[in-house]
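# Close look at the chain arrangement
The lines below spell out each chain.
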Amino acid sequence: MDFQINAYDFTDAAAIDRRMAVRQAHLDNAKKMKEAGHLIAGGAMLDVTGKMIGSTLYLRFDTRQEVDAYIASDPYTTGKVWDRIEIKTIRLVDL
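Residues numbered from 1 in each chain as written. Predicted model: local features only at pLDDT ≥ 70, side-chain atom pairs only at ≥ 80, totals over all residues. Heavy atoms only, no water.

### Topic: the side chain of asparagine 29
To keep things clear, this is the line we draw: Secondary structure is summarised from DSSP: a helix means a run of H or I of at least four residues, a strand means a run of E of at least two, and numbering begins at the N terminus for each. When checking whether two residues touch, look at their non-hydrogen atoms; a contact exists if any pair is within 4.5 Å.
Structurally, asparagine 29 is set in helix H1 (residues 15–35). Not counting residues within four places of it along the chain, the set of residues in contact with asparagine 29 comprises Tyr70, Asp74 and Pro75.

### What about the sheet that holds strand S4 (residues 82–90)?
Convention followed: Here a strand pair is declared whenever DSSP counts at least two bridges between the two strands. Axes, fitted as lines to C-alpha atoms, cover a helix only where it is in contact. Angles between the N-to-C directions of the axes lie from 0 to 180 degrees.
If you trace the four strands from one edge of the open sheet to the other, you get S2-S3-S1-S4, paired in antiparallel fashion. Each end of this open sheet is capped by a strand with a single partner; those strands are strand S2 (39–46) and S4. The mean inter-strand angle of the sheet, taken between neighbouring strand axes irrespective of direction, is 15°. Where strand S1 (residues 2–9) lies against strand S3 (residues 52–60), seven bridges are found, and the strand directions are antiparallel. Bridging from a neighbouring strand, tyrosine 8 pairs with glycine 54 of S3. Running over the sheet, H1 touches S1, S2, S3 and S4 and is turned about 15° from S3. Contacting S1, S3 and S4, helix H2 (residues 64–73) crosses the sheet at an angle of about 155° to S4.

### With respect to the layout of surface pockets
Put simply, the rule reads: Within this scheme a cavity is a closed region of a 1 Å grid, computed over the protein atoms alone, that accommodates a 1.4 Å probe without allowing it to escape, whereas a pocket is open but has protein on both sides within 12 Å along at least five of seven lines; lining residues each have an atom within 4 Å of a point. Grid points are joined across faces, edges and corners, and a volume is the space filled by probe spheres set on the points. Under the convention adopted here, Pro, Cys and the residues Ala, Val, Leu, Ile, Met, Phe, Trp and Tyr are nonpolar, Asp, Glu, Lys and Arg are charged, and Gly plus all remaining residues are polar.
Of the voids in this model, the largest pocket is the one considered here, and its volume is about 180 Å³. Contributing to the lining of the largest pocket are 15 residues, with His26, Leu27, Gly42, Gly43 and Ala44 lying nearest its centre. Of all the secondary-structure elements, those providing two or more residues to the lining of the largest pocket are H1, S2 and S3. Among the residues forming the lining of the largest pocket, the class breakdown is eight nonpolar, five polar and two charged. Reported here for the second largest pocket is a volume of approximately 160 Å³. As for the second largest pocket, its lining consists of Tyr8, Asp9, Phe10, Thr11, Asp12, Ala13, Ala15, Ile16, Lys51, Met52 and Ile53. Those elements that provide at least two residues to the lining of the second largest pocket are S1, H1 and S3. For the lining of the second largest pocket, the class distribution of residues is seven nonpolar, one polar and three charged.

### A look at the pattern of salt bridges
Where charged atoms of side chains with opposite charge meet at close range, the side chains can pair. To keep it simple, the criterion reads: For this analysis, a salt bridge means a side-chain nitrogen from Lys or Arg found within 4 Å of a carboxyl oxygen belonging to Asp or Glu. Three exposure classes are used, based on accessible area relative to the maximum for each residue type with a 1.4 Å probe and protein chains only: buried under 20%, partly exposed in between, and exposed over 50%.
Here the structure, examined in full by the defined rule, presents five salt bridges. Arginine 18 is the salt-bridge partner of aspartate 12, the closest N and O atoms lying 2.9 Å from each other. Classification of aspartate 12 by relative accessible area gives partly exposed; the value is 33%. Assessed through its relative accessible area of 23%, arginine 18 is described here as partly exposed.

Coordinates in, geometry out; function isn't part of it.
Next comes the structure, spelled out in structure tokens:
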């Protein structure tokens, strides 16, 4: 199954510092998930000024429980970067 994740960052003044402190660990984790076939695509969501305000991911897992476990272990979750996370089941088209 494919999933779309929109994860919105906390908005306090220290949020960007927390993001940057765990960013490399988050990217290293994403690379492993890509190699395992779970991460299809992802990137930062930006506001109108170009400031990072969250992340969007397209994931492929067999179950929602696997998605939940991945999100729970991501450095942006454990590092208190992501505040609100939306997970939707989707169907991606291979063109």
